[in-house]
Amino acid sequence: MEQTSLQWLICLTTSLLCCTTDQARLTVSPSRSQLFVAEFLSLRCEEDNNSAGWTLRRNTTKRQMTQCGVDWEGGADSSCNISLTAKWDSGVYWCDSREGATSNTINITVTGGLVILQSPVLPVMEGHDIILRCKTKTTPSHLPAGFYKDGSLIRTEPTGQMIIHHVSKSDEGFYRCNISSHGESPPSWITVTGPPTTTAPSATSSLLQFELRLVFHLLVFCPYFISTHGVFVSTQTHRK
């Protein structure tokens, strides 16, 4: 029930923030989407080496739209450190500005279980590889693990690590892993994005820019010409 509520919260918050302006980056350390209870977590809003004007926020199953220092550990508005994570720190984190712009979102899951799935915390670009690792809290060595996507078994890896080569949008979904002797991890959503596109300016855009420049010149130089011409005519009339 708790995992279902968290999945619903992640989908809802991500959909609400999907169409906003991405002017800042939210980074997280350690760079993974799942943590065990009592781990250290650091989050920071970054914008060209400057975080002024951005506020770090989160939606969890416990609190909505809270910022750093409100019911979670203190810090600057744009960064926060959680020295000992708890299960209620699970949720969606992002940065927003006073102007209403928002950053990318990061989904964090804190589990009280013995197994986590180490997966990319940021979106993966199409064509790149994804490395998934199934880790236990008590056993440092690699153990055989089964990997699942949207509830269906993909395959079992003897080393507890699976690589998905050349990902595409069809690889998006909820992933989890299972180690038979320890249990299974919570699910984590993996996002796949398309490559950045650059488009040449259209004819309409170029025409609009020309018209704006023309209006600007008319507004600037016409009053100057009229006033200068008026002074010249007045001077000639006075001389006559």
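That block above? That's the structure.
Below is a short write-up of the structure. None of the values given here were measured: they were computed from a predicted structure.

### Considerations on the pattern of salt bridges
Tallied over the entire structure, the rule returns eight salt bridges. A salt bridge links Asp96 to Arg57; its shortest N-O distance comes to 2.8 Å. Separated by 39 residues along the polypeptide, Asp96 in strand β7 (residues 91–97) and Arg57 in strand β4 (residues 54–60) bring together distant segments of the chain. An identical accessibility class is assigned to Asp96 and Arg57; each is buried. One salt bridge connects Asp150 with Lys149, and the closest N-O pair in it is separated by 3.1 Å. A residue is classified by how much of its surface remains accessible, and Asp150, at 47% relative accessible area, is partly exposed.

### Some words on the state of the cysteines
Within this structure, the stated rule accounts for two disulfides. Note on cysteine connectivity: Cys45 is disulfide-linked to Cys95, with sulfurs 2.1 Å apart. Where Cys45 bonds to Cys95 through sulfur, the torsion about that S-S bond is close to -100°, and the disulfide is left-handed. Of this pair, Cys45 sits in strand β3 (residues 41–46) while Cys95 sits in strand β7, and the two are 50 residues apart along the sequence. For the pair formed by Cys45 and Cys95, the shared burial category is buried. At a sulfur-sulfur separation of 2.1 Å, the disulfide partner of Cys134 is Cys177. Disulfide Cys134-Cys177: the torsion about the S-S bond is 80°, which places it as right-handed. Taken together, the residues span a long stretch of sequence, with Cys134 in strand β11 (residues 130–136) and Cys177 in strand β15 (residues 173–179) at a distance of 43 residues. Here Cys134 and Cys177 have matching classes, each one buried.

The rules behind these values
- Residues numbered from 1 in each chain as written.
- Predicted model: local features only at pLDDT ≥ 70, side-chain atom pairs only at ≥ 80, totals over all residues.
- Heavy atoms only, no water.
- Salt bridge = Lys/Arg side-chain N within 4 Å of Asp/Glu carboxyl O.
- Helix = DSSP H or I, 4+ residues; strand = E, 2+ residues; numbered from the N terminus.
- Buried < 20%, exposed > 50% of the residue type's maximum accessible area, 1.4 Å probe, protein only.
- Disulfide = S-S within 2.5 Å.

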